[in-house]
Amino acid sequence: MANTTATTAGGGDFTSNLGRIYGIYTGGFIAFIILMAILSALGVENVVIGYLFMGFTIVIYAVIGVLSRTMHVGEYYVAGRRVPALYNGMATGADWMSAASFIGMAGSLYLLGYDGLGFVLGWTGGYVLVAILVAPYLRKFGAYTVPDFLSARYGGNLARLIGVVVLFSCSFTYVVAQIFGTGLISARFLGIDFNVAVYVGLAGILVCSMLGGMRAVTWTQVAQYIVLIIAYLIPVIWMSTVKTGVPIPQLMQGQALANITALETAQGITVHHITPFVHGGYDAKNYFLLILCLMVGTASLPHVLMRYFTTPSVREARVSVAWSLLFIFILYFTAPAYAAFAKWTMLDLVASGLTPENIGEKAGWMMRWAAADNTLVQICGKAATDTAAIVAACAEKGVTALSFADINLNADMIVLATPEMAGMPYVISGLVAAGGLAAALSTADGLLLAIANALSHDIYYKMIDQNAPTSRRLIVSRILLVMVAVLAAYVASTKPSDILSMVSWAFSLAAGGLFPALVLGVWWKRANSAGAVAGMIAGFGITIFYLVMTQYGADFDKATPNMELWWGVKNISSAAFGLPVGFAVMIIVSLLTKAPSRDMQDFIEEIRVPRGKQMMEEKIA
Amino acid sequence: MATPDRVSYWNKTKSLMFVMLGLWVFFGYVIHMFVEQLNTIVIFGFPLGFYMAAQGSLIAFVVMLFWFARRQNAIDEEHHVNEE
């Protein structure tokens, strides 16, 4: 049994040197950025810089993965339970901030203005629920996976199986979005076809998560956090300095907003960036329901919850949630500033007198993006691949001077394109690509691990072969990991939707399926097995029904008419129906059936106090 | 199992949870319901309602969680159920 206390003399060497190791690593990364800037200045081609940025960072992650490889069960599933709170916070930050946060969010804020802030609020406030309702209690229980807890609390494999089904559905949806993100980055910065690029992204993901399970993923994620946060902050600090002379974008965002409003008014745009509840169909109802679904989903997503299984104690688990949110906050409170400065830059560009003839010269980056994928930039309603195409499209619509509304930028490209938009050197674009890749890879690693662990630990070991030796369990886990990843890459290549929507669906699925069972499992002793099983089936069932029927319809074809929205609630907030139904069914069925046994009530008492040994001890097979 | 000390521990833990939940509802939802009114107040170019959603509530969540970790730990120690 791996020791579960914090650092001991033997195993502490690495842990006590963490600050120094990651300090050197950060310095090394900054030196690498400077080296790239020098190479770029010496005339090395842009695409080479792109390859170097992405290649170098992936090699670093792989090296960390190889160094922390393990065949020990406790290390593989929960990193030996000795990750200090602060570093677990950083790893959770990377685990959490995916392609959606890094690539998708600021782009959506750019397009949706105030209404996009629902994502910012939803993806931070959920940590309050994680800390007060769920994480410390699951840590005390000492689970390896979320279904482990469901099985112990609701006695039996049925609850475990449903837990695995929900886990699989939400994590798979989520991982598809990440692979989509890596594909998008590879397509633009490595210049390869999107359908091939998704598999290239996949290779990068597998290298890190295959080798060392949770331990390798943890230490890689810390490294990825450092890359992604540097890559996110530099362009926006740059824009803030150029536009306002002050390198604090979060503060200068106020000035950016004032300028945006002034420019919008001057250009006759009536729907202002700062006006609430008017963009993209987000009325107040959808805005608040989205916040609720994202927050509750946060507290139910297995790949996030399992990060708190790795801390040395319950106390550290709580502190770790706070650190996680702090590290996440650094990116999230920068995102609205990122969007504001990008919008200001674009409005300025339009104000400078854009015509279909001169846009190629003034904003050549749009054509490069349109060439990578023709849905990314559309001008006058057509793909803006070159000046001739733009002139032809605009002539058809009778547009002679381009307005802000004539230029249609895809939400998923805005962050990646901002360095070019604001005229920064190409090295910054390479850096942002590396950051986006780090965000997508780190989350994909966590997700694939959650899926593979559930399949190998919960299904294979706990339900099929209780006597399976350790080595076989870990091999099964790795094989499943590859199979799931390849399937996800295939789904990603079909482009099901934009990144932000796919990720939001995952949140709704987790919220509708798992939240009632997890929370009532700790906070309501009367909750019993029948109630939990019925609640999970009902909550998850309604959520996925609403999602599939409104997105694809009964014929599974996106193109044909689908089910009407219920009360106009967007399907990214599907849990708005699943969550109340899940709670209601679970409570009613629990009350109608027999109360849990005395033993179970004692078990719940034990989970509620930090002291005492963890409830589930793993035997070393 | 259900000793008086344990009962009092759980009651205090529960009240802390409800306090946090109340603050969460306030910063997560209630304050944003008044966005239009708050937007009439402008500080450093920020309409206040926009600011609360972009930064204000986020800062509140972070501060709340560090405070919660300390507070819950104090309750643990007071009732001698902290980890050795």
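All values derive from a computational prediction rather than experimental measurement.

What about the overall build of chain A?
Phase 1: Across its full length, chain A carries 25 helices and 3 strands.
Phase 2: Its C-alpha radius of gyration of 24 Å places chain A within 12% of the 25 Å reference for a compact globule of 621 residues.
Phase 3: Principal-axis analysis of the C-alpha atoms places the extent of chain A at approximately 80 × 55 × 40 Å.
Phase 4: Buried positions account for 58% of the 621 residues belonging to chain A.

Section: the overall build of chain B
Phase 1: The helix and strand inventory of chain B stands at 3 helices and 2 strands.
Phase 2: Relative to a compact globule of 84 residues, whose C-alpha radius of gyration would be 12 Å, chain B shows 18 Å and is clearly more extended.
Phase 3: The principal-axis extent of the C-alpha atoms belonging to chain B is close to 55 × 20 × 10 Å.

As for the nonpolar core
Phase 1: Within the largest apolar cluster, 244 residues are counted, with the highest numbers of intra-cluster contacts made by Val134 and Leu228 of chain A together with Leu65 of chain B.
Phase 2: For this core, the element with the highest residue contribution is helix H10 (residues 194-244) of chain A, accounting for 22 residues.
Phase 3: Shared between two domains, this core holds at least three residues of each, these being domain 1 (22-342 + 425-608) and domain 2 (354-401) of chain A.

Description of the interface of chain B and chain A
Phase 1: On the chain A side, the residues contacting the 38 residues of chain B number 39 residues.
Phase 2: Broken down by secondary-structure element, the contributors of at least two residues to the side of chain B that touches chain A are helix H1 (4-28), helix H2 (35-38), strand S2 (46-47) and helix H3 (48-78) of chain B.
Phase 3: The element contributing the most residues to the side of chain B that touches chain A is H3 of chain B, with 17 residues.
Phase 4: Within the side of chain B that touches chain A, the residues separate by chemical class into 25 nonpolar, 9 polar and 4 charged.

Here we look at the UniProt feature "domain: Sodium symporter small subunit" (unreviewed entry) in chain B
Phase 1: Residues given the UniProt feature "domain: Sodium symporter small subunit" (unreviewed entry) here are residues 8-82 of chain B.
Phase 2: Along residues 8-82 of chain B one finds 75% helix and 5% strand; the C-alpha atoms at either end are 15 Å apart.

Structural notes on the domain arrangement of chain A
Phase 1: As far as domains go, chain A holds domain 1 (22-342 + 425-608) and domain 2 (354-401).
Phase 2: Here the C-alpha centre of domain 2 of chain A lies 35 Å away from the C-alpha centre of domain 1 of chain A.

Here we look at the sheet that holds strand S2 (residues 382-383) of chain A
All names here are of chain A.
Phase 1: With respect to topology, 3 strands assemble into an open sheet ordered S2-S1-S3, the strand pairing being antiparallel. One side of each edge strand has no neighbouring strand; the edge strands of this open sheet are S2 and strand S3 (407-409).
Phase 2: Across 2 bridges, strand S1 (residues 377-379) lies against S2 in antiparallel orientation. Each bridged residue has a counterpart across the sheet, and for Ile379 the counterpart in S2 is Lys382.

A closer look at helix H2 (residues 18-41) of chain A
Residues and elements named next belong to chain A.
Phase 1: Along its 24 residues, H2 runs 35 Å from first to last C-alpha, staying within 8% of the 34 Å computed at 1.5 Å per residue.
Phase 2: Turning to H2, its buried residues number three or more, namely Phe29, Met36 and Ser40.
Phase 3: Just past H2, the residue Gly43 takes up positive phi, approximately 100°.

Section: the confidence of the model for chain B
Detailed reading of the predicted coordinates is not advisable wherever pLDDT falls low.
Residue and element names in this part refer to chain B.
Phase 1: When pLDDT is averaged along chain B, the result is 93, and 98% of the positions lie at 70 or above.
Phase 2: Across chain B, the element-wise mean pLDDT spans from 92 in strand S1 (residues 42-43) up to 96 in H3.
Phase 3: Both scores are available for the predicted complex, with the pTM at 0.92 and the ipTM at 0.96.

Let's talk about the packing of helix H12 (residues 284-298) of chain A against helix H22 (residues 499-523) of chain A
Residues and elements named next belong to chain A.
Phase 1: H22 packs onto H12 with a crossing angle of 65° between their chain directions and a minimal axis gap of 8 Å. As H12 packs across H22, the resulting crossing turns out to be left-handed. Here Cys293, Leu294, Val296 and Gly297 of H12 lie close against H22, whose contacting residues are Ser504, Phe507, Ser508, Ala510, Ala511 and Phe515.
Phase 2: Looking at side-chain class alone, the contact of H12 with H22 contains 7 nonpolar, 3 polar and no charged residues.

Looking at unusual backbone geometry
Phase 1: Residues other than glycine seldom take positive phi values, yet Cys380 of chain A does so here, at roughly 55°.
Phase 2: Relative to the elements of secondary structure, Cys380 of chain A occurs in the loop between S1 and S2.
Phase 3: Within the chain, Phe44 of chain B stands out as a residue other than glycine whose phi angle is a positive 50°.
Phase 4: Within the element layout of this structure, Phe44 of chain B appears in the loop between S1 and S2.
Phase 5: Note on Phe44 of chain B: 12 C-beta atoms within 10 Å, which makes it exposed.

Some details on helix H14 (residues 314-332) of chain A
An α-helix turns once per 3.6 residues; consequently, residues spaced three or four apart project the same way.
Phase 1: In a regular helix each residue adds 1.5 Å, so 19 residues correspond to 27 Å; H14 of chain A covers 27 Å between its end C-alpha atoms and thus fits that length.
Phase 2: In terms of residue burial, H14 of chain A counts as a mostly covered element, since 17 of its 19 residues are buried.

With respect to the packing of helix H7 (residues 117-141) of chain A against H22 of chain A
All names here are of chain A.
Phase 1: Viewed as axis vectors pointing N to C, H7 and H22 meet at an angle of 75°, and their least axial separation amounts to 10 Å. Comparing their axes, H22 and H7 come out roughly perpendicular. Contact with H7, carried on its side by Leu133, Val134 and Tyr137, involves Leu518, Val519, Val522 and Trp523 of H22 and no other residues of that element.
Phase 2: The residue inventory of the contact of H7 with H22, partitioned by class, reads 7 nonpolar, no polar and no charged.

Some thoughts on the confidence of the model for chain A
Phase 1: Taken as a whole, chain A shows an average pLDDT of 89; of its residues, 96% reach a score of 70 or greater.
Phase 2: Residue range residues 1-11 of chain A is modelled with pLDDT below 50. Its contacts to residues more than four positions away, or to other chains, number 20 contacts.

A word on the environment of Met367 of chain A
Residues and elements named next belong to chain A.
Phase 1: Summarising the element assignment, Met367 is placed in helix H17 (residues 364-372).
Phase 2: On the basis of neighbour counts, which here come to 20 C-beta atoms within 10 Å, the residue Met367 falls in the buried class.
Phase 3: As for Met367 and Val377, which are separated by 10 residues in sequence, their C-alpha atoms are 7.6 Å apart.
Phase 4: The residues contacting Met367, other than those within four sequence positions of it, are Gly360, Ala384, Thr385 and Asp386.

Calculation rules
- Residues numbered from 1 in each chain as written.
- Chains lettered and ligands numbered in written order.
- Predicted model: local features only at pLDDT ≥ 70, side-chain atom pairs only at ≥ 80, totals over all residues.
- Helix = DSSP H or I, 4+ residues; strand = E, 2+ residues; numbered from the N terminus.
- Rg over C-alpha atoms; globule rule 2.2 N^0.38 Å.
- Buried ≥ 20, exposed ≤ 12 C-beta atoms within 10 Å, placed from the backbone.
- Core = buried A, V, L, I, M, F, W, Y, C linked by C-beta atoms within 7 Å.
- Domains from an automatic or database assignment.
- Contact = placed C-beta atoms within 7 Å.
- Nonpolar A, V, L, I, M, F, W, Y, C, P; charged D, E, K, R; others polar.
- UniProt positions renumbered as here; feature names shortened; annotations may be inferred.
- Pairing = 2+ DSSP bridges.
- Expected span 1.5 Å × (residues − 1).
- pLDDT = per-residue confidence, 0-100.
- Axes fitted to C-alpha atoms, helices over the stretch in contact; angles between N-to-C directions.
- Left-handed = near helix turned anticlockwise from the far one by under 90°.
- Parallel < 35°, antiparallel > 145°, perpendicular 65-115°, else oblique.

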